[in-house]
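# Coordinates in review
Below, each chain spelled out in residue letters.
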Amino acid sequence: MSDSPTALQKIKERAMLTTKDALKNKDNCTIPAKAETETALAYTEEVARETEALYERVAKVITRAEWPSFAPYIYEINKLKKEKNAVILAHNYMTPEIFHCISDFAGDSLQLAQQAAKTDAQVIIQAGVHFMAETSKILSPEKTVLIPDMEAGCSLAASITAADVELLREKYPGVPIVTYVNTSAEVKAASDICCTSSNALAVVESFDSDEILMIPDQYLARNIAKQTKKKIHTYAGSCEVHERFTPDSIRQFRKAWPDAVILAHPECPPEVVELCDFAGSTKAMSDYVTDKQPSRVVMITECSMSDNVAVNNPGVEFVRPCNMCPHMKRITLPKILDCLKNMSGEVTVDPAVAARAKLSVERMLAVTA
Ligand code: 13P
Ligand code: SF4
């Protein structure tokens, strides 16, 4: 890529996109089709009055003009979830109207798993992707776990099956299998322990073995390999969002914003991570900004992260390189309302599989406790 002033200007313009801009940008991702059943709710005076405080919270990332399309859903969802004794667990990649306006708990994969295990609510609405809802169900089999869109998948979860894990066990006899939570219940059940991007190193170090097989994310595994003396065997899975960041793009961001701190998710290739100032889970990146208050930050991760962290950090300027997860973006306010109203989208896991998967998840939670 050329370093001419025009090229630099283009990089700057593209990187200032918000999630909403990215949703309109067809080059950036496949936009999930709008549910045909969606009929817009009315923005009444009551809705406007009751949601005003929430609007003020997100005014930095949602315009006044957009608010009437979100507010009626927010109002209905917040009323209904109390009536149904439901909690909404939202991942850091949810759009800000979900993350800040209707969630009862928001965080990274590890935090959501921990929260699912301890909530008293009878119904969990998982505002995230399918493997997250399955993890909640595995930890709370007696609860009703709903996902607003069953198609909200993950390229990592889709990259491996339980049969693949059995073949890997034969290939690496006696080597502990550490499995990223971004996998199906069956894959978790076939593994020795789970990990998230928050605790992957601690989980790897918790074994006496000198060799570990880390599946399915090759990049997370290679990033962890750089931090441990153990030999890490990898598998060929990858996150379709984070693998798209390139070392060249990081160099361009450095050039365009020399004063910016660059943070990356460890699902990015190691060649990208090594050019950044810090790598960590979505929670770790969010905490970095909150604790250190850099004047300008670039988050090498999914689009909504910057929007959500920006709301709580008004003094920090965000550059938004923005690769969007099309699976996370399937979760919308109308679908969440539908889910709550009809108790639809129930996630079930075969009890025998769930029992074995739970052992892998609980072993992980014990390491981080
Ligand atoms: P975190 O555990 O860091 O939230 O990551 C989950 C994920 O899917 C990132 O792509
Ligand atoms: Fe999966 Fe990547 Fe989307 Fe996370 S961002 S849910 S790892 S596809």
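Residues numbered from 1 in each chain as written. Chains lettered and ligands numbered in written order. Predicted model: local features only at pLDDT ≥ 70, side-chain atom pairs only at ≥ 80, totals over all residues.

### Here we look at the sheet that holds strand β7 (residues 211-215)
Selection criterion: DSSP calls a pair of strands paired once it identifies at least 2 bridges connecting them. We count a stretch as a helix when DSSP gives it H or I for four or more residues in a row; a strand needs E for two or more, and each element gets its number in order from the N terminus. Every axis corresponds to a line fitted to the C-alpha atoms, with the helix fit spanning only the stretch in contact, and the corresponding angles, defined between N-to-C directions, vary from 0 to 180 degrees.
Pairing is parallel in the open sheet, where 4 strands are placed in the order β6-β5-β7-β8. This sheet does not close on itself; its edge strands, each paired only once, are β6 (193-195) and β8 (231-233). With direction set aside, neighbouring strand axes in the sheet form an average angle of 35 degrees. Here 3 bridges tie strand β5 (residues 177-180) to β7, and the two strands are oriented parallel to one another.

### Re unusual backbone geometry
Each neighbour pair has its own omega, and for I215 with P216 the value is -10 degrees, a cis peptide bond. Structurally, P216 can be placed in the loop between β7 and α11 (218-225). Notably, N85 is not glycine yet its phi reads approximately 50 degrees, a positive angle. Checked against the element boundaries, N85 lands in the loop between α4 (67-83) and β1 (86-91).

### Considerations on the site of ligand 2
Which entries qualify depends on this criterion: Placing the C-beta atom from the backbone, one calls a residue near a molecule or strand if that atom lies within 6 Å of it. Three residue categories are used. Nonpolar comprises Ala, Val, Leu, Ile, Met, Phe, Trp, Tyr, Cys and Pro, charged comprises Asp, Glu, Lys and Arg, and polar comprises the others, including Gly.
Close contacts around ligand 2 come from 13 residues, with C154, S155, C239, V241 and C325 the closest. The residue makeup of the shell around ligand 2, split by class, is 7 nonpolar, 3 polar and 3 charged.

### Let's talk about the sheet that holds strand β2 (residues 105-107)
To keep it simple, the criterion reads: Once C-beta atoms have been placed from the backbone, residue pairs whose C-beta atoms lie within 7 Å are recorded as contacts.
Overall, parallel pairing links the 4 strands, which are arranged β2-β1-β3-β4 in an open sheet. Since the sheet does not close on itself, it has two edges, and those belong to β2 and β4 (144-146), each with one partner. For this sheet the average axis-to-axis angle between neighbouring strands, irrespective of direction, equals 20 degrees. Sitting on the sheet, helix α7 (residues 130-139) is in contact with β1, β3 (123-127) and β4, with an inclination near 155 degrees to β3. Each of β1, β3 and β4 touches helix α16 (residues 333-342); the most contacted strand, β3, lies at about 165 degrees to it.

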